[in-house]
Structures are given as C-alpha cells and as structure tokens.
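# Coordinate inspection notes
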Amino acid sequence: MKIKKPGMRNIKTGLGVMICVLIGYLHIIDNTFFAAAACIVCMQTTVKGSLRVGFNRLKGTLVGGIIGFLFVLIHPGSPFLACIGIITTIYICNIFKINDSITIACVVYCAILLCIGENNPLQYSLFRTWDTSIGVIIGVCVNYFIFRPNYLKSIYKELRIIEKTSIELLKGEIEKGKHEDRSHLKSEITKLEQFYKNFLEELEYSPDMSCDKEINDAIKKCRQIYLHLQILEQMKDKCYLNKENYIKSKCICGGLSNDLEIKDHTSSVYNYHIGAIINNINEIHEVDENSNYEEDDVISIPV
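What comes next concerns the included structure. (Residues numbered from 1 in each chain as written. Predicted model: local features only at pLDDT ≥ 70, side-chain atom pairs only at ≥ 80, totals over all residues. Heavy atoms only, no water.)

It is worth spelling out a nonpolar patch on the surface at this point. Side chains of M18, V21, L22 and Y25 sit close together on the surface and give an oily, nonpolar patch of about 410 Å² of accessible area. Using a relative accessible area of 30% as the deciding quantity, one classes V21 as partly exposed. (Patch = residues over 30% accessible without salt bridge, like charges linked within 9 Å, V, L, I, M, F, W, Y side chains within 5 Å. Areas by Shrake-Rupley, 256 points an atom, 1.4 Å probe, with all protein chains shown as cover. Salt bridge = Lys/Arg side-chain N within 4 Å of Asp/Glu carboxyl O. Buried < 20%, exposed > 50% of the residue type's maximum accessible area, 1.4 Å probe, protein only.)

Looking now at the environment of K171. Turning to its location among the elements, K171 is positioned in helix α7 (residues 151-176). For K171, a relative accessible area of 28% corresponds to the partly exposed category. Taking the C-alpha atoms as reference points, K171 and S257, 86 residues apart in sequence, are found 9.4 Å from one another. (Helix = DSSP H or I, 4+ residues; strand = E, 2+ residues; numbered from the N terminus.)

Examined against the element boundaries, S125 turns out to sit in helix α6 (residues 121-145). Owing to a relative accessible area of 5%, S125 belongs among the buried residues under this scheme. Among all residues touching S125, those that are not within four sequence positions of it are G65, F69 and I112. (Contact = heavy atoms within 4.5 Å.)

Taken as a whole and judged by the stated rule, the model has 7 salt bridges. Across the pair E193 and R223 runs a salt bridge whose closest N-O atoms are separated by 2.6 Å. With E193 in helix α8 (residues 183-203) and R223 in helix α9 (residues 213-233), the pair connects residues that are 30 residues apart, well separated along the chain. Here R223 falls in the partly exposed class, since its relative accessible area comes to 41%.

The subject of this paragraph is the nonpolar core. Judged by nonpolar contacts, the single largest core of 37 residues is most densely connected at I155, L159, L170, I174, L185, I215 and I274. Broken down by secondary-structure element, the contributors of at least two residues to this core are α7, α8, α9, α10 (243-253) and α11 (268-289). No other element matches the 10 residues that α7 contributes to this core. With near-sequence residues (within four places) excluded, L185 lies in contact with I162, T165, S166, L169, I225, Y226 and L229. Of all hydrophobic cores here, the second largest spans 18 residues; its members include V72, I104, L113 and Y124. (Core = buried A, V, L, I, M, F, W, Y, C linked by side-chain atoms within 4.5 Å.)

Shown next, in the form of structure tokens:
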C-alpha cells in the first residue's frame, strides 16, 4: 500500500490550530475551542475560499451571538427557547440572504443559550464572537502567508503529463489498432481544470500572477484530444494512416512500428481525427515548452 504524504492544506490547518492554542495560552481569547474550530473551517484550498468561508462564519457568529444573548436573558437552557431561537436564527439568515451562515449561526446560538452556566450573558456572547473572529483571522492569514500554492506552475506540470499521456494513447491507437483506456487522461484533464479554477480564484489576491489566455486555450485542446479519441473508439472498420499523418505521428511518438500499412486517399474520417489529435498535442507542447518552473513549487489538490 502506497502511503501518501500529508497535503499542504493538512499541514496549514495544523499550524493554524497551533497558533490558536498559543494565543489561548496568552489569554487573548477566552475559549480556544471556538477559535480553533473557526480556523479549521476557514482553511480552504484557495485564499478566496478562506475569505468567503471566513466572512460567512463571522456573519453567522454575529447573528447567532445577538439572538443567543437576547434569548438567554429570558431563560438560559430552556428547551422551548432553544426551538424558537433556532427558528428565529434561520429566519433572519434567510431574510439577510446569508444562507451559508445558517449552520454556524445556529451553533453559536446553542452555545450561548445552553452553555452559559453562571457567566454574564453579554460578556459570554461577546467572548464567543471574539473567539470565532480570531480563529477566522488566523485561518485566512495562515492560508495567505504560509506555503502559498503556485497553481500556475502546477498547471504547466499537468499539461506536460497530459501531453505524455495523449502521445501514449495516440501511439497505441495507430500501432495496435485498438482503443486504449482513456480514463487516466480524463482524470488528468479534470485535475488540470481544478488547478485552473483555483488559479483564477487566486488572481484577485496575487498581483504577481497574470492570467494567460494560452492556458485556457490549452485546456480546450486537452478536451478536444479526449473527444477525438472517443470518436475513434466508435470506428469499427479497419482504418489506414495516410502518409502525412504517419510522418507527423512518427515525429511526435519518437518512432512507430515498421509494419504499419500506409494508404492515402482512404479512411478520411479516421485521418481527420488523428490529425486533429496531433495538432492539439503540438499546441499543448508549445505552451509547456514556454513555461519554466521548479518541481518543488508544484502542488497537488488537497483531499
């Protein structure tokens, strides 16, 4: 069994929780648990994701804190008020269109109403809001400043993998005349699309990065390669490679079998799709060759 290394998001989450605990020792926060929980939730794949989740959590904490404070003044721990308060909290979140904040708002409300004990209602509500806010800030800062992923370099790395996989599939299609398993290519394209999505999200917070139209075009070429391979799979009759595609594919694949039967003016549909695959591979190769990166900068999608 292959043991996978911990992902960078995994490590950053641990560091964020450690910082929350250290701040708890300094008595800057009242309850370390609420800060650590907020930090864990805010540790998303991208900085934009962390900010989005963080703001939602802050809004939910504020709503839950206010309603919890008002209801705890009436009767702390009341089963009836627990029900009414949750209904009220969800209703207010819906009114203000902060549906993503409903869960945390309800959690904070319950924490105040059910766990206040002998504490002062106002002080306890403020502490819960403060603890959560600190956790959100720590989560966002750790994600922004520590081990910032470079999605652009990872995109170029993934393009090279897709190029190599496409060449192997093309060679198998031409030499063996049978359709190879394309699932690996599909999974690599999906990974590439996720990298690109994360890259676009990071642009807003990474002034040193520039979105290159070439990347988007290269992703389209990858999809087209997969589509052409799918179409070739539907062809049941024996097909022959023409001379032009033979020369091009031999150059890309680094050599082909010598017993291939080459025929011009036949299998036009087959050769159209083979030619399209070759052209797309060449265009992907040009993008990959124009990119410079260090292997250590390449990141993997956290699970």
